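Observations on the three-dimensional arrangement
Given next are the chains, with one letter for each unit.
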Amino acid sequence: MPDFQSILEIIQQDAINALDKGSVATYIPELAHIDINNFGIHLRTSDGNDYGIGDYNKPFSIQSISKVLALAKAMALIGEDTWKRIDVEPSGHPFNQLALLEIENGIPRNPFINSGAIVIADILVSNLKNPKKDFLNYVRDLTGDDNINFNIDVAHSEKITGFKNFAAANLLKSFKNLNNPVEEVLDFYFHQCAIEMTCEQLTKAFFFLANKGTCMLNKTRLSKPQAKRINALMLTCGFYDEAGEFAFEVGLPGKSGVGGGIVALLPDNYIITTWAPGLNKKGNSKLGMLALEEFTSKTKLSVF
Ligand code: DON
């Protein structure tokens, strides 16, 4: 067994010394205030050992990481019907690109680019009684922690500046791939993205995907094949036009968010969450990606 704590300490030191930490997302104004020097990692092994370093207990905006949990909830609710409205191919383009959506008649390439996540949000709005409350409770239940909340200021900040997401939702509507009103679906989507969690909470929430669909509290959340499919999608689409790079350098299914978080996992082995708010040009955490590359290289624990 590798000495995980010492490895995390080396990775933290390298991150502190890094000359280029990327830059914090500013297109959601409320995220622009976050201190770029935050850095945390939390690791949980499948046999129940926990390791944390740095700011692993500070909440941050999970943003696109929420898309994985939203997809899991949609698949639990409507199963295979999910794939009538969204494809499962990497897009090779930025997360907010719209050209492919138009060319491909309103069927998003995958559930992790924004247009795909907006279709998933539409499914949840149609199938949950109180969509925002029920989804938040789902995330709390997965984590076993009622201290998880939306940051209303972040949701509002994105609502008044999210013109591209409004364009995506309207385009979907024009292709009849959005059943609920644009405003209602985006209100849900902006709140979903504005959930705040710590590295440790995210590691716990994602446990079911490393554990064949059964969560930390021993409840079956998805079938084994469904968990397998979500992991496949994280590997191929979790980092947008940098998914190849992440598979090449890190070799794990994972998902990033513009709040600077990344969750990655090795099925039946471990879940790891990093937080470093500075992003690279593709919108993924710069030091988070480097940290995970270092982690899988030093531990030799990746899917490949
Ligand atoms: O819709 C957006 O643009 C944001 N709420 C989420 C984008 C995001 O996190 C992309 N991931 N790296």
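The structure we're discussing is the one just above.
Residues numbered from 1 in each chain as written. Predicted model: local features only at pLDDT ≥ 70, side-chain atom pairs only at ≥ 80, totals over all residues. Heavy atoms only, no water.

It is worth spelling out unusual backbone geometry at this point. Peptide bonds are trans in most cases, and residues, glycine excluded, mostly fall at negative phi. For K176, which is not glycine, the phi dihedral falls at a positive 60°. With a phi close to 55°, Y240 is a non-glycine residue in the positive phi region. Among the structural elements, Y240 can be located in the loop between α11 (224–237) and α12 (243–249). Residue Y240 is classed as buried on the basis of its relative accessible area, which comes to 5%. (Helix = DSSP H or I, 4+ residues; strand = E, 2+ residues; numbered from the N terminus. Buried < 20%, exposed > 50% of the residue type's maximum accessible area, 1.4 Å probe, protein only.)

Moving on, we come to helix α4 (residues 114–127). In this model α4 runs 20 Å from its N-terminal to its C-terminal C-alpha over 14 residues, within 8% of the 20 Å that 1.5 Å per residue would give. Among the residues of α4, those classed as buried are N114, S115, G116, A117, I118, V119, I120, A121, D122, I123, L124 and V125. Among the structural elements, α2 (66–78), α3 (99–103), α5 (131–143), α7 (163–174) and α8 (182–193) are those in contact with the buried residues of α4. (Expected span 1.5 Å × (residues − 1). Contact = heavy atoms within 4.5 Å.)

On inspection of all chains with the given rule, the structure shows eleven aromatic pairs. Taking the centre distance of 6.1 Å and the plane angle of 35° together, the rings of F135 and Y138 count as tilted. Of this pair, F135 and Y138 both sit in helix α5, three residues apart, roughly one helical turn. Residue F135 shares its accessibility class with Y138, and that shared class is buried. On the numbers, 5.8 Å between centres and 70° between planes, the contact of F135 with F188 is edge-to-face. Of this pair, F135 sits in helix α5 while F188 sits in helix α8, placing them 53 residues apart in sequence. By relative accessible area, which is 1% here, F135 ends up buried. Looking at F188, the relative accessible area reads 3%, which means it is buried. (Phe/Tyr/Trp six-rings, centres within 6.5 Å; stacked < 30°, edge-to-face > 60°.)

Interpretation in functional terms is not warranted from these geometric data alone.
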